[in-house]
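If you want the building blocks of each chain, they are given just below.
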Amino acid sequence: MLDILRRIVQEVNLANDLEQALNIIVQRVKSAIAVDVCSIFLLNEEDKEYVLMATDGLNAEAVGKVRMSDNVGLVSLVGKRAEAINIADAIKNPRYQHFPEASEEAFHGFLGVPIIHHRKVLGVLVIQSSKVQKFSEDDETFLITVAAQLAAAIVHAEASGGIDGLKQNKNEKDYKAKPINGLPGAPGVAMGIAVVMYPPADIDAIPDRHISDTEKEVKLFDIAVEAVVKDITGLSKRLKDVLPEEDRALFDVYLLMLNSQAISGITRDRIREGNWAPGALRQTIREHEQVFNEMEDSYLRERADDVRDLGRRILMHLQEDSPDKIEFPDNTVLVGEDISASMLAEVPRDKLAGVISVRGSRTSHVAILARAMSISAVMGATDLPVSRIDGRTIIADGYSGQIFISPSKKVTNEFQRLIDEEAALSDELMELRDLPAKTEDGIEISLLVNSGLLSDITPSLQSGAEGIGLYRTEFPFMERQTFPSEEEQRSIYRQVLESFHPRPVTLRTLDVGGDKALPYFPIEEDNPFLGWRGIRITLDHPEIFLVQVRAMVRASIGLNNLKILLPMISDINELTEALGLIHQVYGELLEEGEEVVMPEVGVMIEVPSAVYQAGSLARRVDFLSIGTNDLTQYLLAVDRNNARVASLYDSLHPAVIRAILQVVESARVHNKPVSVCGEMAGDPVAALLLLAMGIDSLSMSVSSLSRVKWVIRNITRERARQILSEILVIEDAAGIRNYLNQTFEDAGMGGLVRAGN
Ligand code: PEP
Ligand code: MG
């Protein structure tokens, strides 16, 4: 059964549109469990109707015509209860609704299971038998498993089908292009052209791309195939003395396959239809893989790997022969399975409007970078049909996480209006640049920026920030092939310290591990976020830590605006050791005759143990800085990068709010300032609560600064305190967020928390 299931899922994933996907499901399921009928009904949410979308067994003419409102009929009962219903004689059931056009009077046995994706019922999968009989438990569990596995594939196919607008067929009404839901990554709305980026030699990640000079493309393809033929012939010759003739016969099979109509011929046809060679190749290879995968014989099934291997070899040559120089159009929206910080850096800043990544979430580092660059981002867009959207018009709403592909005129106009309103709001907010972040009742809070790239220094300076509250030093480490030398580091830190002087700059010591890897320092762990990360690595490698601290302290000579911040402290001994090393550096530099000044040192509070020991930590350092990104992850046990649990990740969770209150209280006892430098600080509604709690400074992405300043300048601390006391009785994050959003709307500040003004 597992094999059958795997094959159905594979086939459905390859379907071109929803109709094809649903037909595959009903046909395969019907034959797998040898029943008389298999049908799929999908819920049309707008009309609140279950619509027959595909059937094998009922009258095919009924597809699109059988519609039942969501409170009559057995199918809708399955959907309503969100559980399977197994009945020996459906016709006798009082809930049964007869549809003459479906010719289902001959069928008695009925088993319906819900198709559920992200908690939402999408539709119902039904099997029927002519006999009066209850289906077996095995049938029931199989159908439930099929439905659970296929829900995502159905959403995917639905999204793909919707791309080219409404399909001209009888079900037109039910193919309405819906937005695809991702997660808000960075605020703002991007409207532009999708440019799909993918890692090299990954055939599944290749998008389709329209070309006009098809003959030139066919030539490129032929050259690549010729190169693979040469590689394989050479390989076969080299192995002549090692492998017996019959084993080398495999290479002959490869050569035959390469030159066959089935691979090369069909790919050429596809290119001539207008797809570029890598896209046409992907389609051919996946089609063949599927055919081999379906074979019962395990030897033949393994040939799927050979086809794939050939595909990869041709692709490598294609990519070598025509290094993929992407032309970035104006308003590029960068799209990919797993967009990395370096991919983002490849797009010229003036061309980049937004980014969409299938993996990751709001606190992934690529989203943090997007915010630093003031471009909108949608993360965790797991239902996005990436291979089919290159070159299409696309809208990414970084506030709601919604994505619209080839949007209608109406949607485009609506978003254009929101973008214009946003731009006007931004201009208005820019006017606040040189004004203090002071509440109406005269309370001032420092607003600082988070940084990590030399390129963000100029926008950070222009934003009116009072300093850098968090400089993530790992970014310059990531861009290199080896650890940077002391002098290289000193020079980078010096530029940052100099440009902000006399304002303070907080440089954080290296925080790699977790989701931040250095290409030249690989760490393989089962649980990287609970493993060797941040201060744990640098204390184990004092040679790296000492060089970094020396570079920092030397960079500040004559400026003296440096503060050092230690990440991931979970134990007092770690702090004691780190402080010992910093003092060692300071002493050595003094001995060397350098005119250094001991910088202020602070600790990040980003692990639950540090919350409970905030007092002990505060006593030993000059300041505390709360890293709400990790603190939320560790307090709620929700991976900050996992889209599947992203709905559980919210820094407004009551537990996080209470933890911050506790840290503020502990710091007060020792008279030490506290800042917040996680993404929460840049969330306008959260900033209001942090102000009320008495946080001394907020450090955020440059793009959030003016919004937060606007909030602070338009409220009194008294009012903020009152709101804080009101939300402290709310017991869940969603309740708190709704309450705060509503408070903002009521005060005419809705434009700060959603698109538009
Ligand atoms: C945090 O964890 O809140 C933080 C600011 O650090 P990073 O996002 O780099 O882990
Ligand atoms: Mg952190």
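Rules and cut-offs
Residues numbered from 1 in each chain as written. Chains lettered and ligands numbered in written order. Predicted model: local features only at pLDDT ≥ 70, side-chain atom pairs only at ≥ 80, totals over all residues. Heavy atoms only, no water. Helix = DSSP H or I, 4+ residues; strand = E, 2+ residues; numbered from the N terminus. Rg over C-alpha atoms; globule rule 2.2 N^0.38 Å. Buried < 20%, exposed > 50% of the residue type's maximum accessible area, 1.4 Å probe, protein only. Phe/Tyr/Trp six-rings, centres within 6.5 Å; stacked < 30°, edge-to-face > 60°. Near = heavy atom within 4 Å. Polar contact = N/O pair within 3.5 Å; in protein donor to acceptor, adjacent residues only side chain to side chain. Areas by Shrake-Rupley, 256 points an atom, 1.4 Å probe, with all protein chains shown as cover. 1 Å grid on protein atoms, 1.4 Å probe; cavity = no way out; pocket = protein on both sides within 12 Å on 5 of 7 lines; lining within 4 Å. Sits in = over half its atoms within 2 Å of the grid points. Donors = N, O, S within 2.8 Å, 3.2 Å for Na, K, Ca; no water. Core = buried A, V, L, I, M, F, W, Y, C linked by side-chain atoms within 4.5 Å. Contact = heavy atoms within 4.5 Å. Domains from an automatic or database assignment. Buried area = accessible area lost by both parts, 1.4 Å probe. Salt bridge = Lys/Arg side-chain N within 4 Å of Asp/Glu carboxyl O. Nonpolar A, V, L, I, M, F, W, Y, C, P; charged D, E, K, R; others polar. Pairing = 2+ DSSP bridges. Axes fitted to C-alpha atoms, helices over the stretch in contact; angles between N-to-C directions. Points joined across faces, edges and corners; volume = space filled by probe spheres on them.

## Observations regarding the overall build of the protein
- When you go through the protein residue by residue, the secondary structure sums to 26 helices and 22 strands.
- Its C-alpha radius of gyration of 30 Å places the protein within 12% of the 27 Å reference for a compact globule of 757 residues.
- The principal-axis extent of the C-alpha atoms belonging to the protein is close to 90 × 75 × 45 Å.
- Residue burial in the protein is summarised as follows: out of 757 residues, 55% are buried.

## Some points on the packing of aromatic side chains
- Scanning the entire structure with this criterion turns up five aromatic pairs.
- Between the aromatic rings of phenylalanine 483 and tyrosine 520, the centroid separation amounts to 4.9 Å while the plane-to-plane angle is 80°, which identifies the pairing as edge-to-face. Taken together, the residues phenylalanine 483 in the loop between helix 14 (474-478) and helix 15 (486-500) and tyrosine 520 in the loop between strand 17 (505-508) and helix 16 (535-540) connect sequence positions 37 residues apart.
- Classification of phenylalanine 483 as partly exposed rests on a relative accessible area of 28%.
- Between phenylalanine 483 and phenylalanine 521 the ring centres are 5.5 Å apart and the planes differ by 65°, which places this aromatic pair in the edge-to-face class. Linking phenylalanine 483 in the loop between helix 14 and helix 15 with phenylalanine 521 in the loop between strand 17 and helix 16, this pair joins segments that are 38 residues apart in sequence.
- The class for phenylalanine 521 is buried, based on a relative accessible area of 17%.
- Through successive ring pairs, a cluster of aromatic residues spans Phe477, Phe483, Tyr520, Phe521 and Trp532.

## Here we look at the site of ligand 1
- The environment of ligand 1 is formed by 17 residues, the closest being Arg472, Arg508, Gly627, Asn629 and Arg640.
- In the environment of ligand 1, an oxygen atom lies 3.1 Å from a nitrogen or oxygen atom belonging to the backbone of threonine 628.
- Here an oxygen atom of ligand 1 and a side-chain polar atom of arginine 640 are 2.8 Å apart.
- In isolation ligand 1 has 290 Å² of accessible area, and contact with the protein removes 100% of it.
- In a pocket analysis with a 2 Å cut-off to the grid points, ligand 1 is assigned to the second largest cavity.

## As for the coordination of the magnesium ion (ligand 2)
- Within the protein, the atoms that donate to the magnesium ion (ligand 2) are Glu606 (OE) and Asp630 (OD), at distances of 2.0 to 2.1 Å. Of this pair, glutamate 606 sits in the loop between strand 19 (600-605) and helix 19 (608-612) while aspartate 630 sits in helix 21 (residues 628-636), and the two are 24 residues apart along the sequence.

## Some words on the nonpolar core
- Counting 108 residues, the largest nonpolar core has Leu566, Leu624, Leu689, Ile695 and Leu698 as the members making the most contacts within it.
- When residues in this core are grouped by element, the largest group, nine residues, is from helix 23 (residues 684-693).
- Leave out the neighbours within four places in its chain, and leucine 698 touches Ile445, Ser446, Leu447, Leu448, Val676, Ala681, Ala687, Leu690, Val708 and Ile712.

## A look at the side chain of glutamate 217
- With respect to the helices and strands, the residue glutamate 217 is situated in helix 5 (residues 214-238).
- Aside from chain neighbours lying at most four places away, what touches glutamate 217 is Ile211, Ile271, Trp276, Ala277 and Pro278.

## A look at the domain arrangement of the protein
- Once the domains are mapped, the protein shows domain 1 (2-164), domain 2 (180-197 + 328-406), domain 3 (203-321) and domain 4 (436-752).
- Each of domain 2 and domain 3 was reduced to a C-alpha centroid, and the two centroids are 32 Å apart.
- When the buried area of domain 2 at its contact with domain 3 is split by residue, Val196, Ser387 and Asp390 rank highest and sum to 82% of it.
- Where domain 2 touches domain 3, the interface holds one salt bridge.
- We note a salt bridge from arginine 209 to aspartate 390, for which the minimum N-O separation is 2.6 Å.
- For the side of domain 2 that touches domain 3, a count of residues per class yields two nonpolar, one polar and one charged.

## Examining the pattern of salt bridges
- Evaluated as defined, the whole model comprises 36 salt bridges.
- Close ionic contact of aspartate 204 with arginine 286 constitutes a salt bridge, the shortest N to O distance being 4.0 Å. Residue aspartate 204 is found in the loop between strand 9 (189-196) and helix 5, and its partner arginine 286 is found in helix 8 (residues 277-293); the two are separated by 82 residues along the sequence.
- Residue classification places arginine 286 among the partly exposed positions, given a relative accessible area of 23%.
- A salt bridge links arginine 668 to aspartate 696, with the shortest nitrogen-to-oxygen separation between them at 3.6 Å. Here arginine 668, found in helix 22 (residues 654-669), pairs with aspartate 696, found in the loop between helix 23 and strand 22 (697-700); they are 28 residues apart in sequence, far enough to count as distant.
- A residue is classified by how much of its surface remains accessible, and aspartate 696, at 31% relative accessible area, is partly exposed.

## Some points on the environment of valine 711
- With respect to the element layout, valine 711 can be found in helix 24 (residues 705-713).
- Put simply, valine 711 and threonine 412 are 299 residues apart on the chain and 30 Å apart in space, counted from C-alpha to C-alpha.
- Contact partners of valine 711, with chain neighbours within four places excluded, come to Pro684, Leu688, Phe744 and Leu752.

## So, the pairing of strand 15 (residues 446-451)
- Most of strand 15 is tucked away, with five of its six residues classed as buried.
- Relative to strand 22, strand 15 runs parallel, the two sharing four bridges. What sits directly across from leucine 448, in strand 22, is serine 699.

## Here we look at the sheet that holds strand 11 (residues 352-357)
- Spatial strand order, 7-14-13-9-10-11-12-8: eight strands in an open sheet with mixed pairing. Both outer strands of the open sheet, strand 7 (180-181) and strand 8 (183-186), are each paired with one neighbouring strand and no more.
- Taken strand by strand, helix 11 (residues 365-372) contacts strand 8, strand 11 and strand 12 (376-379), and its axis lies near 50° from that of strand 8.
- Strands in contact with helix 12 (residues 409-430) are strand 9, strand 13 (393-397) and strand 14 (402-405); relative to strand 9, the strand with the most contacts, it is inclined by about 120°.

## Remarks on empty space enclosed by the protein
- Counted according to the given criterion, the structure contains three cavities of 30 Å³ or more.
- Each pocket or cavity is described by its volume, and for the largest cavity that value is around 140 Å³.
- For the lining of the largest cavity, the residue count by class is 13 nonpolar, three polar and one charged.
- Approximately 80 Å³ is the volume attributed to the second largest cavity.
- If you trace the second largest cavity, you find 16 residues lining it, with Arg472, Arg508, Glu606, Asn629 and Asp630 closest to the centre.

## Some details on unusual backbone geometry
- A cis amide bond, omega 5°, links histidine 501 with the succeeding residue proline 502.
- Tracing the backbone through its elements, the reader meets proline 502 in the loop between helix 15 and strand 17.
- Phi at serine 374 takes a positive value of approximately 60°, unusual for a residue other than glycine.
- Mapped onto the secondary structure, serine 374 falls in the loop between helix 11 and strand 12.
- Positive phi values are uncommon outside glycine, yet methionine 568 reaches one of about 60°.
- On the secondary structure map, methionine 568 appears in the loop between strand 18 (562-566) and helix 18 (572-591).

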